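As a plain string of letters, each chain reads:
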2 protein chains.
Amino acid sequence: MLEKYIKAATRKVKADLVLKNTTYIDVFCGVLRKGDIAIVGEKIVGTGEYEGVEEIDCKGLTVVPGYIDGHVHIESSQLSPEEFASLIVPRGTTTIIADPHEITNVCGMAGCEYIAKASQNVPLDVMLQLPSCVPATPFETSGATLAGKDIEKNIVNGYIFGLGEFMNYPGIINCDPDTLKKAEAAHSAGKIIDGHAPAVYGYDLNGYLCAGISTDHECVYKEEIEEKISKGVYVHIRHGSSTKNLGNAKYITDANLRRFILCTDDRHAADLKEKGHLDDALRKLVADGLDPVRAVICATLNAAECYNLKYRGAIAPYYLADLVAVDNLKNFNAKYVLKNGKLVAKDGKPLFDTSKRYLPANVLNTVHLKNMKADDFVLTLKGKKAKAMTILPGGVVTGCEIVEVESRDGDVVLENTDLLKLAVVERHKMTGNIGKALFKGYGFKGGALGITIAHDSHNVILMGDDNESMAKAANCLKEIGGGMVIVDKAKGEVHSLTLDIAGLMSSRDAESLQSDSRALIERAHAMGVKRDYEAFMSLAFLSLAVIPKLKLLDTGLFDVEKFSFTDINA
Amino acid sequence: MLEKYIKAATRKVKADLVLKNTTYIDVFCGVLRKGDIAIVGEKIVGTGEYEGVEEIDCKGLTVVPGYIDGHVHIESSQLSPEEFASLIVPRGTTTIIADPHEITNVCGMAGCEYIAKASQNVPLDVMLQLPSCVPATPFETSGATLAGKDIEKNIVNGYIFGLGEFMNYPGIINCDPDTLKKAEAAHSAGKIIDGHAPAVYGYDLNGYLCAGISTDHECVYKEEIEEKISKGVYVHIRHGSSTKNLGNAKYITDANLRRFILCTDDRHAADLKEKGHLDDALRKLVADGLDPVRAVICATLNAAECYNLKYRGAIAPYYLADLVAVDNLKNFNAKYVLKNGKLVAKDGKPLFDTSKRYLPANVLNTVHLKNMKADDFVLTLKGKKAKAMTILPGGVVTGCEIVEVESRDGDVVLENTDLLKLAVVERHKMTGNIGKALFKGYGFKGGALGITIAHDSHNVILMGDDNESMAKAANCLKEIGGGMVIVDKAKGEVHSLTLDIAGLMSSRDAESLQSDSRALIERAHAMGVKRDYEAFMSLAFLSLAVIPKLKLLDTGLFDVEKFSFTDINA
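A brief look at the structure comes next. In this text the structure is predicted, and so the values were computed from the model without any measurement.

Rules used in this analysis
- Residues numbered from 1 in each chain as written.
- Chains lettered and ligands numbered in written order.
- Predicted model: local features only at pLDDT ≥ 70, side-chain atom pairs only at ≥ 80, totals over all residues.
- Heavy atoms only, no water.
- Helix = DSSP H or I, 4+ residues; strand = E, 2+ residues; numbered from the N terminus.
- Rg over C-alpha atoms; globule rule 2.2 N^0.38 Å.
- Buried < 20%, exposed > 50% of the residue type's maximum accessible area, 1.4 Å probe, protein only.
- Contact = heavy atoms within 4.5 Å.
- Buried area = accessible area lost by both parts, 1.4 Å probe.
- Salt bridge = Lys/Arg side-chain N within 4 Å of Asp/Glu carboxyl O.
- Polar contact = N/O pair within 3.5 Å; in protein donor to acceptor, adjacent residues only side chain to side chain.
- Patch = residues over 30% accessible without salt bridge, like charges linked within 9 Å, V, L, I, M, F, W, Y side chains within 5 Å.
- Areas by Shrake-Rupley, 256 points an atom, 1.4 Å probe, with all protein chains shown as cover.
- Phe/Tyr/Trp six-rings, centres within 6.5 Å; stacked < 30°, edge-to-face > 60°.
- Lys NZ or Arg CZ within 6 Å of the ring centre and 35° of its normal.
- Disulfide = S-S within 2.5 Å.
- Least-squares fit on C-alpha atoms with pLDDT ≥ 70 in both.

## A few points about the overall build of chain A
Part 1 of the reasoning: Each helix and strand in chain A was counted, giving 15 helices and 30 strands.
Part 2 of the reasoning: For 570 residues, the compact-globule formula gives about 25 Å, and the C-alpha radius of gyration of chain A, at 25 Å, lands near that figure.
Part 3 of the reasoning: For chain A, with 570 residues in total, the buried portion stands at 65%.
Part 4 of the reasoning: Long-range contacts, defined here as pairs at least 24 residues apart, represent 68% of the contacts in chain A between residues at least 6 apart.

## Considerations on the interface of chain B and chain A
Part 1 of the reasoning: Between chain B and chain A, the residue contacts involve 65 residues of the former and 65 residues of the latter.
Part 2 of the reasoning: Buried area between chain B and chain A, both sides added, is near 4800 Å², and the carbon and sulfur share of it is 56%.
Part 3 of the reasoning: It is B:Tyr203, B:Cys210 and B:Arg258 in chain B that bury the most area against chain A; as a group they hold 16% of the surface buried on that side.
Part 4 of the reasoning: For A:Glu305, the salt bridge is made with B:Arg258, and the minimal N-O distance between the two is 3.1 Å.
Part 5 of the reasoning: On the surface where chain B and chain A come into contact, there are 22 residue pairs in polar contact (both at pLDDT 80 or more).
Part 6 of the reasoning: When residues of the side of chain B that touches chain A are traced back to their parent elements, those giving at least two are helix H1 (2–9), strand E3 (43–48), helix H6 (169–173), helix H7 (177–188), helix H8 (202–209), helix H9 (222–230) and helix H13 (301–306) of chain B.

## Brief notes about a nonpolar patch on the surface
Part 1 of the reasoning: The grouping of A:Tyr201, A:Val220 and A:Tyr221 at the surface amounts to a nonpolar patch, some 270 Å² of accessible area in total.
Part 2 of the reasoning: Relative to the helices and strands, A:Val220 is located in the loop between strand E11 (215–216) and helix H9 (222–230).

## Topic: the packing of aromatic side chains
Part 1 of the reasoning: Enumeration according to the criterion identifies 30 aromatic pairs over all chains in this entry.
Part 2 of the reasoning: An angle of 20° between the planes, with centres 6.0 Å apart, marks the rings of B:Tyr114 and B:Tyr358 as stacked. Of this pair, B:Tyr114 sits in helix H4 (residues 109–119) while B:Tyr358 sits in the loop between strand E17 (349–350) and strand E18 (385–391), placing them 244 residues apart in sequence.
Part 3 of the reasoning: The partly exposed category is assigned to B:Tyr358, whose relative accessible area is 28%.
Part 4 of the reasoning: Note on B:Phe439 and B:Tyr442: the rings are 5.5 Å apart at their centroids and 90° apart in plane angle, and the pair reads as edge-to-face. The residues B:Phe439 and B:Tyr442 share a single accessibility class, namely buried.
Part 5 of the reasoning: Three or more aromatic residues joined by ring pairs form one cluster here, namely A:Tyr5, A:Phe28, A:Tyr311, A:Tyr318 and A:Tyr319.
Part 6 of the reasoning: Its end group placed over the ring of A:Tyr234, A:Arg259 keeps NZ or CZ at 3.9 Å from the ring centre.

## A few points about the state of the cysteines
Part 1 of the reasoning: A complete count under the given rule lists zero disulfides over all chains for this structure.
Part 2 of the reasoning: We note that A:Cys133 lacks a disulfide partner, and the nearest cysteine sulfur, in A:Cys112, lies 13 Å from it.
Part 3 of the reasoning: For A:Cys133, a relative accessible area of 5% corresponds to the buried category.
Part 4 of the reasoning: Just so you know, B:Cys263 is unpaired, no disulfide at all, and the nearest cysteine sulfur is the one on B:Cys219, 10 Å from it.

## Quick look at the relation of the copies chain B and chain A
Part 1 of the reasoning: When chain B is brought onto chain A, the operation consists of a screw motion whose angular component is 180° and whose axial shift is 0.0 Å, with 0.1 Å RMSD remaining. The superposition of one copy onto the other is thereby described by a two-fold rotation axis. Within chain B, the C-alpha atom positioned nearest to the axis of rotation is that of B:Asp254, 3.1 Å from it.
Part 2 of the reasoning: Counting the interface residues of chain B, we find that 100% of their copies in chain A are interface residues as well, pointing to one common contact surface.

## With respect to the side chain of B:Asn154
Part 1 of the reasoning: Its location among the elements puts B:Asn154 in helix H5 (residues 148–154).
Part 2 of the reasoning: In this view, B:Asn154 contacts B:Met109, B:Leu130 and B:Ile160; residues no more than four positions away in its chain are not counted.

Have a look at this one:
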């Protein structure tokens, strides 16, 4: 193949494809240059004046390297990898470092393998990080466990790129043996470890980094960013749907520029479709005053260096021909996207087919419940006072409020209160576990809501004011194999949306899924859910036991600050 | 081991060693910081306030990461790897990318293996590049040949780091199949390829880089440096004994800083001892106006990134504890040098023993000659005019002058001329090849000079005005197993210096070797060698057939510009 590259580079033969008359970013010198870009096979072979068997005129366009998302959970889009690619590739993203943490919590290694194989169907390089923290805490019931020995066994797989975000920083800092075994396994395999250490500083940070951790996408404070960079960490500038840290770019200097990379972490399909992916981050960074060339360097060369992706992230001979021709460096509207030297998207539309999607049986039918009955949701309280969960502004941190309660026939009375029942029903191993709690202030009335996305163990989470409706909602989720559901008691209606892949993602196309999803969300608001909340996704964070304060697990009510279970009776 | 790092990092146990009260360079933020540096085993575990089992007070000193020499031929020091290390480690160099091109031309893979094994005796990381161009040209007789198939076989060896400087750029640009096979083998093995492409620009450069070449240590012009960097090449700032490109640092900008690294390429023992190694480069760069922190970044982090040396080249947790405590960032005098967390040099003196040196039989006795006689050096010319070689200012480029000659008894007459005979005698395979030529203006009279260093095939090169003396010189070199020799006809004396390792390097200690070497060089000057020349080493470049214009090979007189043999008769 080298011969073909060299002959085209030296203009002895025509290149396969030439982008003519471009302005392009030279990320090494940090300047714009003009010229044709010649491509043979999957490689750029030269810049200058070239003729190609095929040519695309890029007059007036600016060509930049394909963007690299340094950290993303595909599952957060609720789309299959194929459909996810159909939204982000036309935006200019050609490589992602993906951590299948959610699906692995449900399906174990079958989830990783599914993401790996499904990704092969699309023109997007998916570098797969083996999730390091499955389950996220030892207190709940997940669909799978990856202990140190499981990491040792799987990290050496060819399709595994590295070890995913190491959220269990207390485990590292306190030298938990099984936690350290995971880091050691990654080093033995010569693989990178992504970090996750919000507001960890000083000696604790030194200890955490001594596990050989390379990145952090959780930092937001000036001092935190400076300290982490000074200690060798690559810092992500994150542009998720809820977590947006584009402000990190304020702390870029001439000297530390090379240590910043972009990521999205968690981004909904609606945002991907309507606002975009890293192109949206670039647009906003530039609008906020970051030099556009620097912004592109963060999205390309820096990420390639961070993740040892040689010959990627720049426009130069022998570099991978992952290229984006944008209208300008302000709007970043992608006119053409090339992956491995092939035109794969034009005018924001994919040129690849995603209608045939990989769908193995072992990621389907993951909702394992007995038939639920109204009685399962009876909540017996001891006295007149109980703890109720609330959601604080921001959407993921919860509060704990002591509320007055009435009981009747051994069940709490919800009529004429702004209280609802919350239930987390274990759905992986048929343990029969049901955690029950009270929630105050969601606004919903007259039935039940349910969803099989409940970070990070993804049990069934249900909310409602009627036991019968809650049982119906659970049974519906079991029947459809996972997804979201609304039971309207008065109308006697059940409305649902199927997320057949692990109960987290849909095997359908992005467009129809979103339209149905929007309709269901509107139905929930029509039944009273306050607009402060994202009708279903706000529920999904109520069992995430690593974020304060009060959370509900399948095993019971959990006080995150005390890191132990707590009694609902106050 | 992680547990020990983390416990010390978090101050639950004492570190093994702490550098107290330092000012240190943070290469990631490009600033100086203050604090202790804690070390456990071979790793830095943290900066801050630490206690150690051992402590070294560094008050008033500045600590920088150990320097990385991006490209060096150890053989040019004429020292064994052990003695070479004894000179450069105390200067602050802790890692070198070494290309054993010279010894491999003589001994083949045994030369590579020797350098690898000898290097294990010293606290210096020697990353060994497999020489890509042995022999340097197909026109001469070397001791070994590494064809494409040999590169394929050996590049996969664990002790081989990458593929050495690819000097044969015409071979690449013109797609010579065996040349491309070498590059392809390196890529298959996932190994880096160093470049060497002086003044190669434009489409030729694109073609050359399409072989996947990462670096260049030959560029010196502003346009050349800018073009190479813009095309993804890391550019070396070279500080050799004769080739000094520190001026390249003038072209450093905020944006391209990360693409510059330091190297020495070829540096004599005398320079290493008297002036220094990369410390001397840093000193001069700073004196010339380069910001000292930037200079250090080039010598450390940049080189580590270029050569994929993860967790090296910075002072941060989990980074290799290769550290240099210098007096200041102007003089760069190394007070302490740490390698892998151990103090290995103090006040410019090594703390490691190099008296036991690895010396395998297969790099000794490499001068294979029949007994030479005076008649072997008879030079029969056809007429009255002949081509004579000269050396142009700079020392390596030669000229061709047409001179009037007299002959007597079928041999050229040298009396009363400023002409000398030059002979290159093949010494590897006993072919009996002798190339003969005339040299004008060296100044030497009354005998012969000889040396077994003759780039790049390292045959015996002799210069003299007396056939008998030239034969004696050759026979002496055979007898001592390689080195340098002077035959003084009038005094009937033969003086020599042994370079027993491949005829290139000495197994002796640096100090005594240098003293003897200086004495021999003075003897040559006393016999007339002009001070413009380096008595012996100027000879060593007279058979280097890749540098213009007229060169002498064992196979005959060679016109480099025409890239073919040429007749001595003009």
